[in-house]
Amino acid sequence: MNDPEKKPALLRPQIILAAWLILFCVLFSFSKAPETLNRLFDDLALSQFHRKVDSQLLLISIDDNSLSQLGQWPWSRALHAQLIDRLSKSEVKAVALDIVLTEPAKAPTEDKALADAISTARMPVFLPAIQADRANLPGLRNGWLTPSETLKSKPGQWVDIGVHVDPDGILRSLKTPQNDAGAMPSLSWAMAHSALPQISPQAAGVWHIPFAGPGGSVPAVSYVDVLKGQVPKSLLAGKLVFVGATAAGLQDLFITPGGGYMPGVEVHAQATDALLKNLHYRHLSTAWSWVLAVLAVIGLLRLFGHSASRQLALGVLMFILAILGIMWIGVAAKGVFIAPAQALFAVLMVYPLWSWQRLEWVSRFASEQLEKLHPDRALGNLFGWSAPRSLHAAEDPLSAKLRTIEALHTLIGESETFFRTILEEHPHPVMIADTHHRLVKLNELARQQFALTEGATLPEFLGSDTWNSLLTAHESQELTLQVQSGQSRIFSAQAFSIASGKNQFTLLLLIDRTEERTLQQQRDDTIRFLSHDLRAPQSSILAMIDDARERTSESDNWPLLDKIAAAARRTLSMAQGFLEAQRAEHNTVNLTEVQINNLALEAIYQASANAKRAGVTLTLEENNALYYVQGDHELLARVLQNLLDNAIKYSPAKGRVWVRLSTNHEQSPGMVAIEVEDEGPGIPATQREQIFKPFVQGDAPKGDKGIGLGLHFVQQVARQLGGNVACLASPMGGALFRLELPCTDVESL
């Protein structure tokens, strides 16, 4: 998943993990553990690569058999002289005496005999020298304890027999020191040089021995057998002979890699074998170990960003095997040992640190999500939710969170069941679609009426144009749909957008309006019929009354005619009110630009005759401005007429009615206010909202009661035009009706 926004979120825990690793690795490096572990791996690696030693090598062992036959150690040096003579006659290639001869023999003739044997030998004979740190030792020259004076006839044959034992007591290397007089060649290099003169000079320092095997890997014969001539000349000819102690009692045994003891003389012999075969075993610097550790950690961190927990555990195991494999290949192929302890420690620490960090992250994330998921009071009360007491107790926080998650899971399950029941029990078809307009959920009623299932697309069901219209309209629309029975029914359809996290859904609600629209049509037909049947006879009555007045001069009948005319006009007004209410409720308006000032003058002119009969004065206050609105001129004229008729009806004789036009940008910005105020008895505050309901009216003081549709009509028109109407108390005690409409323009006079 290549989401750029998520990379920092993934990188941050890896950086924190790397910082912890660096800290632990630094602490680890200051301990003795890396050195100990690396030595262990070093020994294991070497112990797996045994080889057959060079056939030129032969040990002459000062063993228990020789000690039992030749007597207690040390022996007379005359015996060593006899051994060298016999080896010379057997035509050996070189002899190394791994016997310390730094002190003179008790009998001077012994040293002379040995010196003569060495000088007359046909092969080089190497005598051991020992490096000494104490300058006051007798016989010390240039930092070396060399053989006694009698044996110093051939100084070129002195060799260093020093070995390097590690702090754990295991011998793994030779140490060739350097002093002011120069480096002393090691015994092993001197013997190898005797067989291969072209061998490179040995540098001073520690040289790791690639052992051929455990003690006993080099062929050996007993000292006493060679001395007595019991070893065939063919076995000795051309050999590189190492003479030294192998008996345990002589205490010249060392622990070597792989376990077990090895005599010091065999250590030199196996080192010579490695030199003859040009086998070198060296340790890379610690820096390479850290490079290997860094590469392993980087690889694991990259793996941790894209793998599951089980894969990570397997990845750690694979990296451990890879590190050990690199170490094994280095030793086997190149004789190079890369210390793996640092890399193994880093890799082994990655998983627990990552697990700990992940656990911390999960715990913190769980806390945050629990805060978000904590149900509100209403939902909690609905399902009997209460936070587990462990959240507030002094116990393991993680256990408390897990218990809370378990409780919330139960709550969510109950909520899901609850809302699924609501969906299924809804009395109307309900459908839920995803961002691709495919149905993901619908109730059983929708399935039955329209034969739909999950996966169906709403554009295909409703038509693309209809569906797009519903999505953009944000209001209900009436659709005619065919149900499964084959009938066409009228539905009120509305689409609602529902955001759920990053997912977007659309809920489609279909309400069957077929019966409602049928009843409405019947009501409208009835109202139109009644209105027509009421208006036609009343108009005829008024015409006949006017005709009767013109034909007769008997004024005594006029009061009766006036009463009949008033009743007819009231009936006409009732019919007109029904028609106007029907028109207002059905949104049949024709919008044009209407100048309110002219509209007010027209209304006052139309009401002037009525006002004159009632003895009421009408006054217009225009505030020196012309006001324009978008509206239906005919409906607005009727609105003002209704307000003026009400004001005149409730005003006392010689009263006044004011019509005011103004704007109030602070209280109602962008609106023009039309106020009609009278000096009548006013309307109680408790009735000021009720009078806008149909068929509700106040008490007319003059007995001229209407049917209660005039103010309802005013409210309906105001709402359709985006305005409102309110009844307020007049400062003069009467009623004040304020009609506010959206103002499109104002012209100053």
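Residues numbered from 1 in each chain as written. Predicted model: local features only at pLDDT ≥ 70, side-chain atom pairs only at ≥ 80, totals over all residues. Heavy atoms only, no water.

(A) Molecular detail of the overall build of the chain. Secondary structure summary: the chain contains 22 helices and 27 strands in total. Counting all 749 residues of the chain, 41% fall into the buried class. The contacts of the chain with a sequence gap of at least 6 include a subset with a gap of at least 24, amounting to 69%. Summed over all atoms, the accessible surface of the chain reaches about 40700 Å², with 56% contributed by carbon and sulfur. (Helix = DSSP H or I, 4+ residues; strand = E, 2+ residues; numbered from the N terminus. Buried < 20%, exposed > 50% of the residue type's maximum accessible area, 1.4 Å probe, protein only. Contact = heavy atoms within 4.5 Å. Areas by Shrake-Rupley, 256 points an atom, 1.4 Å probe, with all protein chains shown as cover.)

(B) Representation of a positive patch on the surface within the structure. A cluster of basic side chains, namely Arg86, Lys89, Arg122 and Lys233, defines a positive patch on the protein surface. Assignment of secondary structure puts Lys233 in helix α8 (residues 233-236). The partly exposed category is assigned to Lys233, whose relative accessible area is 44%. (Patch = residues over 30% accessible without salt bridge, like charges linked within 9 Å, V, L, I, M, F, W, Y side chains within 5 Å. Salt bridge = Lys/Arg side-chain N within 4 Å of Asp/Glu carboxyl O. Lys, Arg positive; Asp, Glu negative; His and termini not counted. Charge placed at Lys NZ, Arg CZ, Asp CG, Glu CD.)

(C) A look at the side chain of Gln595. Secondary-structure assignment places Gln595 in strand β21 (residues 592-595). For Gln595, a relative accessible area of 17% corresponds to the buried category. Reaching out from Gln595, the side chain makes a polar contact with the side chain of Asn598 at a distance of 2.8 Å. Look past the residues within four positions of Gln595 in its chain and what remains in contact with it is Leu626, Tyr627 and Tyr628. (Polar contact = N/O pair within 3.5 Å; in protein donor to acceptor, adjacent residues only side chain to side chain.)

(D) The arrangement of unusual backbone geometry in detail. Omega for the bond connecting Trp73 with Pro74 falls within 30 degrees of zero, at 5°, which places this linkage in the cis form. One non-glycine residue with positive phi stands out, namely Gln251, at about 55°. Relative to the elements of secondary structure, Gln251 occurs in the loop between β11 (240-245) and β12 (253-255). Gln251 sits in the exposed class, given a relative accessible area of 72%. Unlike most non-glycine residues, Lys654 shows phi in positive territory, near 65°. Along the chain, the position of Lys654 falls in the loop between α21 (633-650) and β24 (656-663).

(E) Molecular detail of the pairing of strand β26 (residues 724-729). Judged from the 6 bridges that link them, β26 and strand β27 (residues 735-748) form a sheet pairing that is antiparallel. Residue pairing for β27: Leu728 is matched across the bridge by Leu736. Linkage of β26 to β27, two consecutive antiparallel strands, is achieved through a turn of 5 residues, within which Gly733 is found at a positive phi near 95°. (Pairing = 2+ DSSP bridges.)

(F) Up close: the packing of aromatic side chains. If you walk through the whole model with that rule in mind, you get 5 aromatic pairs. Taken together, the ring pairs connect Trp73, Trp75 and Tyr223 into an aromatic cluster. (Phe/Tyr/Trp six-rings, centres within 6.5 Å; stacked < 30°, edge-to-face > 60°.)

(G) Fine view of a nonpolar patch on the surface. A cluster of nonpolar side chains, namely Ile16, Trp20, Leu23, Leu27 and Trp356, defines an oily patch on the protein surface of about 460 Å² accessible area. For the nonpolar patch, the element with the most residues is helix α1 (residues 7-29), which contributes 4 residues. Tracing the backbone shows Leu23 in helix α1.

(H) The arrangement of the nonpolar core in detail. Within the largest apolar cluster, 42 residues are counted, with the highest numbers of intra-cluster contacts made by Leu636, Leu644, Phe737 and Leu741. Of all the secondary-structure elements, those providing two or more residues to this core are α20 (596-614), β23 (625-631), α21, β24, β25 (671-677), α22 (710-720), β26 and β27. When near neighbours in sequence (up to four residues on either side) are disregarded, Leu644 contacts Ala603, Ile604, Ala607, Val657, Val659 and Val676. Ranked by size, the runner-up nonpolar core spans 34 residues in total, among them Ala121, Val125, Leu127 and Tyr223. (Core = buried A, V, L, I, M, F, W, Y, C linked by side-chain atoms within 4.5 Å.)

(I) Up close: the packing of α21 against α22. Their axes nearest at 9 Å, the elements α21 and α22 cross at an angle of 140°. Comparing the axis directions of α21 and α22 gives the class oblique. Like other packed secondary-structure pairs, α21 and α22 cross with a definite hand, here left-handed. Note on element contacts: α22 touches α21 through Gly710, Leu711, Phe713, Val714 and Val717, opposite Leu635, Leu636, Arg638, Val639, Asn642, Leu643 and Asn646. The residue inventory of the contact of α21 with α22, partitioned by class, reads 8 nonpolar, 3 polar and 1 charged. (Axes fitted to C-alpha atoms, helices over the stretch in contact; angles between N-to-C directions. Parallel < 35°, antiparallel > 145°, perpendicular 65-115°, else oblique. Left-handed = near helix turned anticlockwise from the far one by under 90°. Nonpolar A, V, L, I, M, F, W, Y, C, P; charged D, E, K, R; others polar.)

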